Every structure is written in C-alpha cells, then in structure tokens.
Amino acid sequence: MVFDARKVAAEQNTEPFVFTGLDGEEYELPNVNTLTGEQARRFRQGDDSVLEEIADEDTLDAIDDMPVGVQGELSKAWVEHGNRAGKAGSRSSAPRSSAKRSQRTSSSAARRSNRRR
C-alpha cells in the first residue's frame, strides 16, 4: 500500500477555528490542518511569528489582549478543533464586522508597531 497524501489532505477538517475574544467579538484562525509542516514545527517550538503569518491584525490583537493562561487554552482548543474528523463546509456568517475591524485602539496600534520591529 502506498500512502497518498492527497487523499489524506482531502479528508482533513479544514473548517476555520472561530473563537470569542475577551471583548466579546468573534475572531477566526485558519484550521491548524492548513498550516504547512514548516509552520507547524515552528509553532510547536514556540515561534509565535507563525500567528502573524496566518492571522489578521484584529485576531492578533485579540490574542495579545489575553492573559498567557488563556492563550495556552486557546492554542489547545485550536489544535483540538483541527483534530475533529471530516471536512466541513464554510461558515454561514463571517466573524467581526468590517466596521468593527476598522476601529483600533492606540494600544492595539502600539502592539502592531512593536511586532514589526
């Protein structure tokens, strides 16, 4: 028997991971199964820059606002979500309205500026 990565990939859960931030808004991370092997390895080694590659600014801000213990639980839930069997369809509604996304605080802007350094 030959392992067929195409078949396994087609059967993976790829539904985005939606979570509620401390502000009560919904945010979205791509399914952990959509990370490249290189990104997954770096993330497991503690390289949080992977999040900057896959998440939008609002999602990064929401994660940055969380205490570290909550961030750890979020990471566990994200991985568990990816481990669910089956490929899922798309969400019926998008998280966060575009109007809400355009409202940024000065502390959020400062964090984004610090991430770029």
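Please refer to the structure higher up on the page.
Rules of the game
- Along each chain, residue indices are assigned from 1 in the same order as the chain's sequence is written.
- Since the coordinates come from a predicted model, pLDDT governs what is reported: local features require at least 70, and pairs of side-chain atoms require 80 or more to be given and counted, while whole-chain, interface and lining totals use all residues.
- Hydrogens are left out, water is left out, and the side-chain values use all remaining heavy atoms of the structure.
- Side-chain atoms within 4.5 Å link the members of a nonpolar core, which is a set of buried Ala, Val, Leu, Ile, Met, Phe, Trp, Tyr and Cys residues.
- Each residue is assigned to one of three classes by its accessible area relative to the maximum for its type, calculated with a 1.4 Å probe on protein chains only: buried under 20%, partly exposed between the two thresholds, exposed over 50%.
- The way it works is that DSSP assigns letters per residue, a run of H or I at least four long becomes a helix, a run of E at least two long becomes a strand, and they are numbered from the N terminus.
- Should any heavy atoms of two residues lie within 4.5 Å, those residues are counted as being in contact.
- For this analysis, a polar contact is any N or O atom pair within 3.5 Å, provided that within protein one partner can donate a hydrogen and the other can accept it, and provided that sequence-adjacent residues contribute only side-chain to side-chain pairs.
- What counts as a salt bridge is simple: a side-chain nitrogen of Lys or Arg found within 4 Å of a carboxyl oxygen of Asp or Glu.

Points about the nonpolar core
Phe17, Phe19, Leu29, Leu51, Ile63, Leu74 and Trp78 are the most contacted members of the largest nonpolar core, which has 16 residues in total. Among the elements of the structure, strand 1 (17-20), strand 2 (26-29), helix 3 (49-54), helix 4 (57-64) and helix 5 (68-83) are those that each provide at least two residues to this core. Broken down by element, the residue count for this core peaks at three residues, all from helix 4. In contact with leucine 51, not counting residues within four places along its chain, are Leu29, Phe43, Leu60, Ile63 and Trp78.

As for the environment of arginine 6
By the secondary structure assignment, arginine 6 is in helix 1 (residues 5-11). At 3.0 Å, the side chain of arginine 6 and the side chain of aspartate 4 are in polar contact.

As for the pattern of salt bridges
Two side chains with opposite charge may pair up if their charged atoms get near one another. Evaluation of the coordinates by the stated rule reveals six salt bridges. A salt bridge links glutamate 15 to arginine 84; the nearest nitrogen and oxygen atoms lie 2.6 Å apart. Of the two residues, glutamate 15 is situated in the loop between helix 1 and strand 1 and arginine 84 in the loop between helix 5 and helix 6 (98-102); the sequence distance between them amounts to 69 residues. The shortest N-O distance in the salt bridge between arginine 42 and glutamate 38 comes to 2.9 Å. Here arginine 42 pairs with glutamate 38, and both are found in helix 2 (residues 37-44), just four residues apart, close to one helical turn. Residue classification places arginine 42 among the buried residues on the basis of a relative accessible area of 12%. The class for glutamate 38 is partly exposed, based on a relative accessible area of 37%. Among the charged side chains, a network of salt bridges with common partners joins Glu38, Arg42, Asp47 and Glu53.

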